[in-house]
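Single-letter residue listing:
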Amino acid sequence: MGRLSVHIETFGCQMNVADTERAATKLRAGGFDLTDSADSADVVLLNTCSIREKAEQKLFQRVGEIKNARIGRQPLIGVMGCVAQLEGEGIFKSSPSVRLVIGTGATDRVGDLLERAVGGERRVIDVAERKESETYEISHLERHSSHIAFVPIIEGCNKFCTYCIVPFSRGRERSRAADGIIEEVKRLREEGFKEVQLIGQNVNSYRPKVEKGLEGHTGATPFSRLLRAVASTGMPRIKFTTSFPRDFHPDIVKAIDEHENLCNWVHLPVQAGNDRVLRAMRRGHKVEDYLSKIASIKSSRRRISLTSDIIVGFPGETSEEFEDTLKLVRECRFHGLYIFKYSPRRGTPASKLPETVSEAEKTRRFLALETLQMSIQREVFQSYVGEEVEVLVEGFSARSRDDLTGHTTCNKVINFRADSDLIGKIVKVKVREAKTHSLYGEV
Ligand code: SAM
Ligand code: SF4
């Protein structure tokens, strides 16, 4: 038999993108080919997200689509990621055509697991933890971009916000040792990458077991020391996401002020603008605490772009409490906002609370918040007109082959007319026009 081809589809956050890159690296080294086409692949792996019920339903819908698209030989279908970890054996029952279940801790073992399935084992499952001995490796061939690399620094979460499934699907917090992170960033720089994004559910809760790699770098927390250590590699641009408000130390802002290559963007999810709701969510911060973190970000000598996440319709959230969220959004003037309608997740404390907000009311709150955010965002984006921003050119714009596209250091999408030989380079662009979600400019 020749080499079998594998197609991996990724749903959800950057952690899943990074896991797909890691799995692809293992598979290619194990003698499999990787393909972009689900229609012709011998094996289709779905790397899943479980943050909301809708995301989970997508998996079963997609398995059906893959099967129905083939007339002859069916592919071997496997499920990876958060749904695999949570549902385990249950997936074989809900979707009998799935033959392989690979939990979030088993990404590195994907090659051996697939060999067993290909070898004839009817059902193969691994939802065990990651082994300490497993090293973090991603081949540059498997990166989602040839200019920007995701570098996970912490996995899992210990916070147990009452609505959230992540501590169950990704397990407890585990920080990667700094020396491995630094080595990876240096290697990426040599390979020509222009930007790294340090990723994790809560990057600023970074707390490695060992000092290695952080020696000689000062800072109030291990994370701000890591930021300075990564900055000293000379990687041209460094971004990090997501930051957890309770653990956000002003020293992070200081580090950004000191190092030009630490980008001027902070993603700091607030979730709600009312103290009772925040307590019920068990976020560990009050509105006032959040505002003081924002004040430290706004006091930076650079203009730091601030983005956030908000959940509307948490159980028990009254209209007045939702008004408090609108008030907070008016005050913070976020440069971007992800709005989520609350979705109960099985096993979480909030799922046991009575759902007091109807679906129609959740939609109303979602739209009210979105309308407010759009009006703020239009003004914020407009204020960039006339300014010069630094852009990593990522490729052609989706709308027109005449335009190139990239992100600014403050993580805004910007399009501009220029020659394609600028792709992969960092250029200065003068902003000429602002839209709600993007900027337009000229080199
Ligand atoms: N660790 C980050 C933090 O604490 O802000 C968030 C990580 S979570 C993967 C991304 C976002 O999903 C959260 O900020 C939250 O807004 C949203 N989310 C999580 N659970 C949810 C739920 N049950 N219903 C709706 N949105 C949810
Ligand atoms: Fe989920 Fe809260 Fe952990 Fe973020 S901090 S991943 S919202 S439990």
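Residues numbered from 1 in each chain as written. Chains lettered and ligands numbered in written order. Predicted model: local features only at pLDDT ≥ 70, side-chain atom pairs only at ≥ 80, totals over all residues. Heavy atoms only, no water.

J.: Even after reading the chapter, I still don't get the sheet that holds strand S12 (residues 265-267), so can you show me in this structure?
T.: Adjacent strands of a sheet form backbone hydrogen bonds with each other and so pair up, either parallel or antiparallel. The strand order across the open sheet formed by three strands is S12-S13-S14, and the pairing between neighbours is parallel. Of all strands in the sheet, those with a lone pairing partner are S12 and strand S14 (336-341), marking the two edges. Between one strand axis and the next, the sheet turns by 15 degrees as a mean value, whatever way the strands run. Pairing geometry for S12 and strand S13 (residues 305-312), over three bridges, is parallel. Pairing of Val266 across the sheet is with Leu306, part of S13. (Pairing = 2+ DSSP bridges. Helix = DSSP H or I, 4+ residues; strand = E, 2+ residues; numbered from the N terminus. Axes fitted to C-alpha atoms, helices over the stretch in contact; angles between N-to-C directions.)

J.: Would you take a moment to explain the pairing of strand S17 (residues 413-417) for this structure?
T.: Here strand S16 (residues 403-408) runs beside S17; their pairing, made up of five bridges, is antiparallel. Residue pairing across strands places Gly406 opposite Ile414, the latter belonging to S17. Relative to strand S19 (residues 438-442), S17 runs parallel, the two being bridged by five bridges. Bridge pairing in S19 places Val413 opposite Ser438.

J.: Any chance you could explain the sheet that holds strand S11 (residues 237-241) here in plain terms?
T.: What the three strands build is an open sheet, ordered S7-S10-S11; its pairing is parallel. Only two strands of the sheet have a single partner each, and these edge strands are strand S7 (148-152) and S11. Averaged over all pairs of adjacent strands, the angle between strand axes in this sheet comes to 25 degrees, irrespective of strand direction. The sheet contact formed by S7 and strand S10 (residues 195-199) spans five bridges and is parallel. Its bridge partner lying in S10, Phe150 is registered against Gln197.

J.: What am I meant to see in the side chain of Arg143 here?
T.: Structurally, Arg143 can be placed in the loop between strand S6 (124-126) and S7. Accessibility expressed as a relative area gives 8% for Arg143, which makes it buried. Among the polar contacts made by the side chain of Arg143, one reaches the main-chain carbonyl oxygen of Phe150 at a distance of 3.0 Å. Dropping the residues within four chain positions of it, Arg143 is found in contact with Glu21, Ile138, Ala149, Phe150, Glu184, Leu188 and Phe193. (Buried < 20%, exposed > 50% of the residue type's maximum accessible area, 1.4 Å probe, protein only. Polar contact = N/O pair within 3.5 Å; in protein donor to acceptor, adjacent residues only side chain to side chain. Contact = heavy atoms within 4.5 Å.)

J.: Help me understand the site of ligand 1, please; the structure alone is not making it clear to me.
T.: Taken together, 17 residues form the shell around ligand 1, and within it Gln201, Gln271, Arg283, Asp309 and Ser343 come nearest. In this structure, a nitrogen atom belonging to ligand 1 sits 3.0 Å away from a main-chain N or O atom of Tyr163. Gln271 has a polar side-chain atom sitting 2.7 Å from an oxygen atom of ligand 1. If ligand 1 stood free it would expose 570 Å²; the protein chains cover 91% of that surface. If you list the elements that add at least two residues to the shell around ligand 1, you get S13 and S14. Its residues assigned to classes, the shell around ligand 1 shows seven nonpolar, five polar and five charged. (Near = heavy atom within 4 Å. Areas by Shrake-Rupley, 256 points an atom, 1.4 Å probe, with all protein chains shown as cover. Nonpolar A, V, L, I, M, F, W, Y, C, P; charged D, E, K, R; others polar.)

J.: Mind showing me how you'd approach the pattern of salt bridges here?
T.: A pair can form between side chains of opposite charge whenever their charged atoms are brought close. Summed over all chains, the structure comprises 35 salt bridges. Arg365 is the salt-bridge partner of Glu317, the closest N and O atoms lying 2.9 Å from each other. Within this pair, whereas Glu317 is found in the loop between S13 and helix H12 (319-332), its partner Arg365 is found in helix H13 (residues 359-382), the two being separated by 48 residues in sequence. Pair check on accessibility: Glu317 and Arg365 agree, each one buried. Connected via shared salt-bridge partners are Asp19, Arg130, Glu155, Arg170 and Arg174. (Salt bridge = Lys/Arg side-chain N within 4 Å of Asp/Glu carboxyl O.)

J.: How should I be thinking about the pairing of S13 in this particular structure?
T.: Sheet faces and side chains relate simply in a regular strand, where the side chains alternate between the two faces. The buried fraction of S13 amounts to eight of the eight residues, a majority that puts the element mostly inside the structure. Relative to S14, S13 is paired through six bridges, and the arrangement is parallel. Residue pairing across strands places Ile310 opposite Ile339, the latter belonging to S14. Taken together, S13, H12 and S14 constitute a β-α-β crossover, and its handedness is right-handed. (Right-handed = clockwise from strand over helix to strand, strands pointing away.)

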